[in-house]
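Each chain is listed here by its residues.
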Amino acid sequence: MAFFDDLSKKITDASTKTIQKGKDLTDVARLNSQISAEENRINTLYGMIGKQYMELHREDAEDAFAGLVASVAEAEQNIAACRAKITELRAVPHCPNCGAELVKGAAFCGICGTP
Ligand SMILES: [Zn+2]
């Protein structure tokens, strides 16, 4: 019977090891997820630090930050230019006489006929 007892013990040990390995993998996945969450938090904080630095030192950035501050300012100008263009594209002309909306490029007001 010693043979069967020994075999039974080996199977039990193997099962225990398999269960432990599964638990370890679950722990690794949980820790990786935690690392990812902390990295995201750090990136958010970096963004806040950068934004605050920009607000405080837009005009007097230290040399080490001058290039980055200039890049942000350039991006802001590009955004403003795009927004102005969108406003221009969306602008609907109005009749100077009756105030009705006009079709862009129309020669006469469709409501009152004013040229
Ligand atoms: Zn009109």
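Just so you know, these numbers come straight off a predicted model, no measurement behind them.

Draft legend 1. Layout of the pattern of salt bridges. Scanning all chains against the criterion turns up seven salt bridges. Taking the shortest distance from any N to any O, the salt bridge between lysine 10 and aspartate 6 comes out at 4.0 Å. With a gap of four residues between them, lysine 10 and aspartate 6 both fall in helix α1 (residues 2-57), about one helical turn apart. Owing to a relative accessible area of 57%, lysine 10 belongs among the exposed residues under this scheme. The residue aspartate 27 makes a salt bridge to arginine 30 at a minimum N-O spacing of 4.0 Å.

Draft legend 2. Geometry of the coordination of the zinc ion. Only Cys95 (SG), Cys98 (SG), Cys109 (SG) and Cys112 (SG) from the protein reach the zinc ion as donors, at distances of 2.3 to 2.4 Å. Between the four donor atoms coordinating the zinc ion, the angles at the centre fall across 103 to 116°, so the site counts as tetrahedral. For the zinc ion, the donor residues sit on a single chain with the sequence spacing C-x2-C-x10-C-x2-C. Here cysteine 95, found in the segment after α2 (63-90), pairs with cysteine 112, found in the segment after α2; they are 17 residues apart in sequence, far enough to count as distant. A relative accessible area of 34% places cysteine 112 in the partly exposed class.

Draft legend 3. Looking closely at the domain arrangement of the protein chain. Taken domain by domain, the protein chain comprises domain 1 (1-57) and domain 2 (63-115). Measuring from the centre of the C-alpha atoms in domain 1 to the corresponding centre in domain 2 gives 53 Å.

Draft legend 4. Fine view of the packing of aromatic side chains. Inspection of every chain in the model, using the stated rule, returns two aromatic pairs. Where phenylalanine 3 meets phenylalanine 4, the ring centres are 5.3 Å apart and the plane angle is 75°; that geometry is what we call edge-to-face. For phenylalanine 3, a relative accessible area of 57% corresponds to the exposed category. Ring geometry for tyrosine 53 and phenylalanine 65: centres 4.7 Å apart, planes at 40°, overall tilted. With tyrosine 53 in helix α1 and phenylalanine 65 in helix α2, this pair connects stretches of sequence that are 12 residues apart.

Cut-offs applied
- Residues numbered from 1 in each chain as written.
- Predicted model: local features only at pLDDT ≥ 70, side-chain atom pairs only at ≥ 80, totals over all residues.
- Heavy atoms only, no water.
- Salt bridge = Lys/Arg side-chain N within 4 Å of Asp/Glu carboxyl O.
- Helix = DSSP H or I, 4+ residues; strand = E, 2+ residues; numbered from the N terminus.
- Buried < 20%, exposed > 50% of the residue type's maximum accessible area, 1.4 Å probe, protein only.
- Donors = N, O, S within 2.8 Å, 3.2 Å for Na, K, Ca; no water.
- Tetrahedral: all angles 85-135°; square planar, octahedral: opposite > 155°, others 65-115°.
- Domains from an automatic or database assignment.
- Phe/Tyr/Trp six-rings, centres within 6.5 Å; stacked < 30°, edge-to-face > 60°.

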